[in-house]
Every structure is written in C-alpha cells, then in structure tokens.
Amino acid sequence: TGVQTCALPISTDTPQAAGSGDALAKVYAAVEGKTGQDRFDTLLGLAREEAKQGPFGFYHSGTFTAEIEAFEKLTGIKVGDFEATSERVAERVVNEHQAGRPGSAVVLGGDEDLENLYLAGGLAELETPMREHVSKEYQAESWVSPLGIMEMPAYNSDTVKPEELPRTWEDLFTNFDKRIGIELTDWSWYGSLVQRYFVEQKGMTEEAAIKLITDGLRGAYTVDGHTLTANLLASGQYDYVPNVFAHYVPRLQQAGAPITWEGLSPDMPPFFTVLGVGITKDTPHPASALLFIEFLLSEQGQTIIAGRNYVPTADTYPGETLLEKYPNTIIDSVVVPEGRDATEVQNEWKAKFDELLRAAGTAQVKG
C-alpha cells in the first residue's frame, strides 16, 4: 500500500446530503467542554444511536485491522472499512460527496491528499481536544495526524557490508555503486530531498541538487509499490533503497529476510510522512467518527499503532518513537512558496519525478 497524493476536482455545484453538516455541529455542541470519561460516554451514547443505521465507514490507506478490532471491542460499534492507496481513498470520498451519498465517516490518508479533499468539500472541520496532544505541524483545520511513516534508507545485509554504506545523501549519489531500487510514486520524497535537504540544509541550488540525484540514480530499478519495493530488497533483487517504509522492515526480519537500516549515519537523515485523519462532510455517523478518531489518538490507540511499527504522533503514547531515535528526521512534504497554488506545485514535482524515473533508464518491476 502506498501513500500517494492527487489533485482532486473542486466543484461548487455538488449535491449535498441531508443536514449539510448539522448533525456534526450537534455532536460538537453535545460534547463541548467535556473531557475524559464524560466525553467518551456522551459520544458513545450518540454513536450507538447512529449504529442503528449500520456500521460507519472508515476509508484508509494502510491496514488498520488491529485498531478496528480494538475499537469494536471497546465500544461495540461496528466499522465498515475500505482500504486503498491514499489517492484512491480521496477520489472515492470526493465522488461520493459530489453525488450526495457519503459512504465514509472517517478518512485516513496522506496529509496532502486530505488538504485537497478538504478543498474539494469532502471533509468537515475537525474539533477535538485531542489536538492538544499532537504537534501543530501534524494537523490542519480538517485533520489531525494519529500516525506517520518513517522512510528509512535500508539495505540487504547479504549484499552490502556496513563499511560500504553511504554516510551522507551526497555520498549515495556520488560514491555508491550498488544496485538501487526506487518506488514509482515517491515524488513527494524526491521534492523534499531536493528542497529540504540539499537546498535548505546544504545550500545547493535546486538545479544542482536535481542533477546530482539524477546522475546518481542512472540505472536504478524502478518499482511499482512500496510493499513490493521492500520485498524485492529483502530478496536480493537489488541492494539498497533510499526510502523504505520502516514498518515493513521488522516484519520481513521476523521472516528471516536480510533487510535492515542498522548503521544509518546521523549525517544521512531519514524522512517522515504524515498520515492524517478527518471526518467526512455530511456523514450520517458524525459521533462514531469523532469517537473513533479520539480512540486512535488515545494511549490505547497509539500503543497499537506503535506495536505495528508505525510512528505514533500523539504524546499520549508513553514509549520512544523512531522520531525521537532519529531527531534529525526531515518532514516529507514539498515546499509551497507563498502565493503559489499547492496543487500546481505538487503537479510540478510529479513531473520532475517522472523526469528522474525516465533518466534512471531501467525497466519497471510491477507487483
């Protein structure tokens, strides 16, 4: 499952579901000023009334079986889930919203997808005191992040010795002669690497950074899918991937695969992709949606998230996260200059990444 972003059609002439947000406003009013068990009990009572209409929809990127099962056990509220890429999730929500038939109540995906979804009218503004437990850089009007994904340089320990590892990103693109794999949708990581590392931290021009990366990745393997990328690295199809999703690595190691990020140089910072969660506009299950989001941000929800090797983002989690272990981590989010349209900037970086992939010059590997 990949975290991808897309530009969504924005329409001001779309059918609206009955209530047009009134149901969510009533939920906010019912729990205003309430905290702790009192707030939970109030939301649960409202959610049980909504449950008479059937399960509420949870559309998400990534697998959340453990979180869903724990929530259902805690509350008795059934969840109907739909899993796809972040891009596909956002597209489905917009299509349902414009048709006036919202099927989801909670949406979880990439932060840029959720921003686009909000602009397209698919998400409501999110009001919850649980925002206080999450860094302000991991939230917006319509969403808050309960988790993120570390993108770590990883390698096959059967084919790469620790002393052969690159010590910096510059070293990777100039002095590393092993086989490298690149995932086909990682335009945001590429833009962040150029802007936030080479330009902001190293003082290079964008043009010089792009040339450095392009020259260093000629002959790299291009792979369709983050899961496949990690699996092929583990199987020895290639030797090194600059941004494996970290939560895949322990699973593969448990199966005996020679894949690791151990030995990562502090001079080669990893990247962090934020996943956000929000409430679908005009959902008939607003209390269920708010209850589920606050569960994800609770200590129980964050502990489950951490146990699956994602990065919990709320301070309700009592343990150490990979973000704390790697304090030099860079946020994976392209810079949108003041006065520029975010979608236009995203599309520009998608085009630049396509140019990089064409320059790599190898056949694609598809799952």
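Residues numbered from 1 in each chain as written. Predicted model: local features only at pLDDT ≥ 70, side-chain atom pairs only at ≥ 80, totals over all residues. Heavy atoms only, no water.

**Some details on the overall build of the protein chain**
So, step 1. Across its full length, the protein chain carries 14 helices and 12 strands.
So, step 2. The C-alpha radius of gyration of the protein chain comes to 21 Å, within 12% of the 21 Å expected for a compact globule of 367 residues.
So, step 3. Taking the principal axes of its C-alpha atoms as reference, the protein chain extends roughly 60 × 45 × 35 Å.
So, step 4. Burial status across the protein chain gives 56% buried among its 367 residues.
So, step 5. Within the protein chain, counting contacts between residues at least 6 apart in sequence, those at least 24 apart form 77% of the total.
So, step 6. When the accessible surface of the protein chain is summed, it comes to about 15,400 Å², and 48% of that surface belongs to carbon and sulfur atoms. (Helix = DSSP H or I, 4+ residues; strand = E, 2+ residues; numbered from the N terminus. Rg over C-alpha atoms; globule rule 2.2 N^0.38 Å. Buried < 20%, exposed > 50% of the residue type's maximum accessible area, 1.4 Å probe, protein only. Contact = heavy atoms within 4.5 Å. Areas by Shrake-Rupley, 256 points an atom, 1.4 Å probe, with all protein chains shown as cover.)

**Regarding the pattern of salt bridges**
So, step 1. Enumeration according to the criterion identifies 11 salt bridges in this entry.
So, step 2. The salt bridge involving lysine 52 is made with glutamate 49; its shortest N-O contact spans 3.1 Å.
So, step 3. Here lysine 178 and glutamate 164 are joined by a salt bridge, their closest N and O atoms 3.7 Å apart. Taken together, the residues span a long stretch of sequence, with lysine 178 in the loop between α6 (169–175) and β5 (181–183) and glutamate 164 in the loop between β4 (144–156) and α6 at a distance of 14 residues.
So, step 4. For lysine 178, a relative accessible area of 24% gives the class partly exposed.
So, step 5. If you follow the salt bridges from partner to partner, you end up with Lys211, Asp215 and Arg218 in one network. (Salt bridge = Lys/Arg side-chain N within 4 Å of Asp/Glu carboxyl O.)

**Description of helix α4 (residues 86–98)**
So, step 1. A rise of 1.5 Å per residue sets the reference length of α4, with its 13 residues, at 18 Å; its end C-alpha atoms lie 18 Å apart and thus fit the reference within 8%.
So, step 2. Taken residue by residue, α4 has Ser86, Val89, Ala90, Val93, Val94, Glu96 and His97 as its buried positions. Buried residues along α4 cover an arc of 165° about the axis, so they all sit on one side.
So, step 3. Contacts from the buried residues of α4 go to β1 (56–60), β2 (79–83), β3 (106–110) and α5 (111–119).
So, step 4. One side-chain oxygen at the N-terminal end of α4 lies 3.1 Å from the backbone nitrogen of arginine 88; it belongs to threonine 85.
So, step 5. Glycine 100 sits one or two residues past α4 and shows a positive phi near 75°. (Expected span 1.5 Å × (residues − 1). Arc of directions from axis to C-beta. Polar contact = N/O pair within 3.5 Å; in protein donor to acceptor, adjacent residues only side chain to side chain.)

**Some points on the pairing of β2**
So, step 1. As paired elements, β1 and β2 share 5 bridges and run parallel to each other. For histidine 60, the partnering residue across the bridge sits in β2 and is glutamate 83.
So, step 2. Between the parallel pair β1 and β2, the chain is carried across by helix α3 (residues 65–75), and the sense of this crossover is right-handed. (Pairing = 2+ DSSP bridges. Right-handed = clockwise from strand over helix to strand, strands pointing away.)

**Some thoughts on unusual backbone geometry**
So, step 1. Phi is positive for aspartate 282, close to 70°, though the residue is something other than glycine.
So, step 2. Among the secondary structure elements, aspartate 282 is positioned in the loop between β9 (271–279) and α11 (286–297).
So, step 3. For aspartate 282, a relative accessible area of 9% puts it in the buried group.
So, step 4. Its identity as a non-glycine residue notwithstanding, asparagine 309 has a phi of 70°, on the positive side.
So, step 5. Counting through the fold element by element, asparagine 309 comes out in the loop between α12 (299–307) and β10 (311–312).
So, step 6. Its relative accessible area of 28% is what places asparagine 309 among the partly exposed residues.

**Notes on the packing of aromatic side chains**
So, step 1. On inspection of all chains with the given rule, the structure shows 21 aromatic pairs.
So, step 2. When the centroid spacing of 5.0 Å and the interplanar angle of 85° are considered together, the rings of phenylalanine 71 and phenylalanine 292 count as edge-to-face. With phenylalanine 71 in helix α3 and phenylalanine 292 in helix α11, this residue pair connects regions lying 221 residues apart in the sequence.
So, step 3. What makes phenylalanine 71 buried here is its relative accessible area of 0%.
So, step 4. Take phenylalanine 292: its relative accessible area is 0%, and that puts it in the buried class.
So, step 5. Against the face of phenylalanine 82 rests arginine 92, its NZ or CZ located 4.0 Å from the ring centre.
So, step 6. Sitting above the plane of the phenylalanine 64 ring, arginine 308 keeps its charged end 5.3 Å from the centroid. (Phe/Tyr/Trp six-rings, centres within 6.5 Å; stacked < 30°, edge-to-face > 60°. Lys NZ or Arg CZ within 6 Å of the ring centre and 35° of its normal.)

**Some words on the packing of helix α2 (residues 36–50) against α11**
So, step 1. Close contact between α2 and α11 brings their axes to 7 Å; oriented N to C, the two are set at 135°. Between α2 and α11, the angle is such that the two are oblique. The two elements α2 and α11 meet at a crossing, and its hand is left-handed. Only Pro286, Ala287, Ser288, Leu290, Leu291 and Glu294 of α11 make contact with α2, whose side of the interface consists of Arg39, Phe40, Leu43, Leu44, Leu46, Ala47 and Glu50.
So, step 2. Each residue belonging to the contact of α2 with α11 can be placed in one class, and the counts come to 9 nonpolar, 1 polar and 3 charged. (Axes fitted to C-alpha atoms, helices over the stretch in contact; angles between N-to-C directions. Parallel < 35°, antiparallel > 145°, perpendicular 65-115°, else oblique. Left-handed = near helix turned anticlockwise from the far one by under 90°. Nonpolar A, V, L, I, M, F, W, Y, C, P; charged D, E, K, R; others polar.)

**Quick word on α2**
So, step 1. End to end, α2 covers 21 Å across 15 residues, agreeing with the expected 21 Å (1.5 Å per residue, within 8%).
So, step 2. For α2, the set of buried residues is Arg39, Thr42, Leu43, Leu44, Ala47 and Glu50.
So, step 3. Of the surrounding elements, those touching the buried residues of α2 are α1 (22–31), α3 and α11.

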